[in-house]
Structures are given as structure tokens and as C-alpha cells.
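Tertiary structure, described
The lines below spell out each chain.
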Amino acid sequence: MLILLPPSEGKAASGSGKPLDLDALSLPALRTAREQALAALVGLCSGDAVQAAEVLGLSPGLAGETARNAALRTAPALPAAKLYTGVLYDNLGLADLAARTRARRTLLIFSGLWGALRIDDRVPPYRCAMGVRLPGVGLLSAHWREPMAQALPEAAGRGLVLDLRSSMYTPAWTPRGDVAARTATVRVLHERNGARTVVSHFNKATKGRLVRDLLADGGTPRDPAELASALRDLKYTVETQAPARAGRPWQLDVVVTEL
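So, here is what we can say about the structure in this document.

Rules of the game
Residues numbered from 1 in each chain as written. Predicted model: local features only at pLDDT ≥ 70, side-chain atom pairs only at ≥ 80, totals over all residues. Heavy atoms only, no water. Phe/Tyr/Trp six-rings, centres within 6.5 Å; stacked < 30°, edge-to-face > 60°. Lys NZ or Arg CZ within 6 Å of the ring centre and 35° of its normal. 1 Å grid on protein atoms, 1.4 Å probe; cavity = no way out; pocket = protein on both sides within 12 Å on 5 of 7 lines; lining within 4 Å. Points joined across faces, edges and corners; volume = space filled by probe spheres on them. Helix = DSSP H or I, 4+ residues; strand = E, 2+ residues; numbered from the N terminus. Nonpolar A, V, L, I, M, F, W, Y, C, P; charged D, E, K, R; others polar. Buried < 20%, exposed > 50% of the residue type's maximum accessible area, 1.4 Å probe, protein only. Arc of directions from axis to C-beta. Contact = heavy atoms within 4.5 Å. Polar contact = N/O pair within 3.5 Å; in protein donor to acceptor, adjacent residues only side chain to side chain. Core = buried A, V, L, I, M, F, W, Y, C linked by side-chain atoms within 4.5 Å. Lys, Arg positive; Asp, Glu negative; His and termini not counted. Salt bridge = Lys/Arg side-chain N within 4 Å of Asp/Glu carboxyl O.

For any pair of aromatic rings, the description consists of the separation of the ring centres together with the inter-plane angle of the planes. Under the defined criterion, the tally for this structure stands at two aromatic pairs. Lying across the ring of Tyr126, Lys11 places its NZ or CZ 4.8 Å from the centre. Here Arg165 stacks its cationic end above the ring of Phe110, 4.5 Å away from the centre of that ring.

Here the focus is the layout of surface pockets. There is about 820 Å³ of room inside the largest pocket. Taken together, 41 residues form the lining of the largest pocket, with Pro6, Arg165, Ser166, Ser167 and Tyr169 sitting closest to its centre. Going through the elements one at a time, α5 (87–92), β9 (183–192) and α10 (201–217) are the ones with two or more residues in the lining of the largest pocket. With four residues, the top contributor of residues to the lining of the largest pocket is β9. Per-class residue counts for the lining of the largest pocket are 19 nonpolar, 14 polar and eight charged. Computed from the structure, the second largest pocket encloses a volume of approximately 160 Å³. What lines the second largest pocket is Ala81, Lys82, Tyr84, Thr85, Tyr89, Asp90, Gly93, Leu94, Ala95 and Arg100. Elements supplying a minimum of two residues to the lining of the second largest pocket: α4 (80–83) and α5.

We now examine helix α2 (residues 49–56). Buried residues of α2: Ala52, Ala53 and Leu56, and no others. The buried residues of α2 occupy one face: seen down the axis, they fall within an arc of 100 degrees. Projecting away from the buried face of α2 at angles above 90 degrees are the exposed residues Val50 and Glu54. In this structure, the buried residues of α2 make contact with α1 (31–45), α3 (65–70) and β6 (133–134). Backbone nitrogen of Val50 and a side-chain oxygen of the N-cap are separated by 2.9 Å at the start of α2; the cap is Asp48. Of the residues flanking the end of α2, it is Gly57, one or two places downstream, whose phi is positive at about 70 degrees.

Moving on to the nonpolar core. Counting residues in hydrophobic clusters, the biggest one holds 80 residues, and the most contacted among them are Leu5, Leu107 and Phe110. It is α1 that contributes the most residues to this core, eight residues altogether.

So, on to the side chain of Arg118. Here Arg118 shows up in the loop between β4 (115–117) and β5 (122–123). Summary of buried charges: Arg118 has no salt-bridge partner, and the nearest side chain of opposite charge, Asp121, is 6.4 Å away. Within the structure, the side chain of Arg118 is placed 3.0 Å from the backbone oxygen of Arg105, a separation counted as a polar contact.

Structure below.
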């Protein structure tokens, strides 16, 4: 099973180890594209800070992030498991997750700057979303499509793909063919008084708990139907929607009554 996660806006303030080593990161097929994105971001942020903040979509309160980006090659790095601190990751709780070995094999965190990371990949804190257009590189979601098309099917192998990415990160890689048939996306719905609504903050929290429970359970669902069954065994209310045509992923609706 491969679980695809978005990154988080919230990140650790600083690293505490050796600087970035691009050659040590997982998914070596992304190496060249990582270097291109990194060089473009460092170059941008080493120049006009106002222009850099505009390109990155930073508010005045985040203007200092441009200086952090300019120093990415020499800044202390830390594992991705400790870097991301948003709602999803707070509820996933990687720091005290008993199934850490399984998480290392299973989780893949998408990133505008790095493409995708395993939880033990060491990178410095950064600020660069997938929707950014970097000078000389262009829109990052388009920049990653070709290298991702090479790296991700290999990472997925012949197992289930659970795609929990937010909409900003899905254009960087679209499962095709047989991989798509083994892919499930998840939507979290809040049911109240017979009506259902899509939730935002609690969407992230529910997905974090769901991944934590799946990893702790230790099961190995092989396709979306088996995944739905496994989640029901874990006391989630799940409804499935088969794809309208071949080559598209399944959709699983997780229905919650309490937020």
C-alpha cells in the first residue's frame, strides 16, 4: 500500500542536523527536477525580496520566509516526519506512532519544492507551494509531471494507492491505467440532521486519524473494496463510488457525525 499525503502550511521552525543532500533523498528519479526547482527558488529569494514574496504569494507577515529560502542549501535539515506540523500531521502523530517502520514504507508526502518525500528524507524548512511559478521552471505542478510519471508507478508497485492529497497537489501526478484501478481517493462528509456537507479543517483531522489507524492495524488491503472493508472494521462509516469508466480512481466517502 502507498499512501499519498499533502504537505502542510505549518512547518518546524528550523532543522537540527546536517544540510540538505539531494543525493540521499528517496525517489532518485526526481533528482534532476529537485535540483532545478531548488536552484530557481534559491535564486529568486537571493534577489529582490519584494518580488520573491510576490511570486511565492507570501503575506507581509511571512516576508522573512524569502531569506530562509535563500539559505536552503546550507540550512540544517530534519526528517520530513518532523518538518510538517499541520492538522493532518498532528492527528497522524508520526512522532509516537508505533508502526513507524510501516510508515516509512507506506507514506509519501507531496511537495512543491521536493516533488515527493518519504518520512525519513531530510530537508530544511522551506516555503514554496505547488501552485507557484518559479522563474525558469514555470508552474511547479507541471514541472513535476514527467519525473513523477516515471517515479510514482514504481513506488506504487502492484499494491493499493490511497490518495489523500489536496487539489493543489493532484495535478503533479495522475494515476493511469492499472494503477488508477488500484487507487482510492477519500472525501470526508459531515452528516447532521440528514444533510451532508464537505468539511475542511476536520477533513484533515479525519484523514490523519484514518492513516494512523490503518498503519497501526497492520492490514494490507489490495484494492479499494478491501480498503473500504478495512476502514469499516476500524469503525469508520464508509461509502464507495466505483469509477464511471476504466482508468479512473475509486472514491471513498467517510461520513462523520461528530467534529
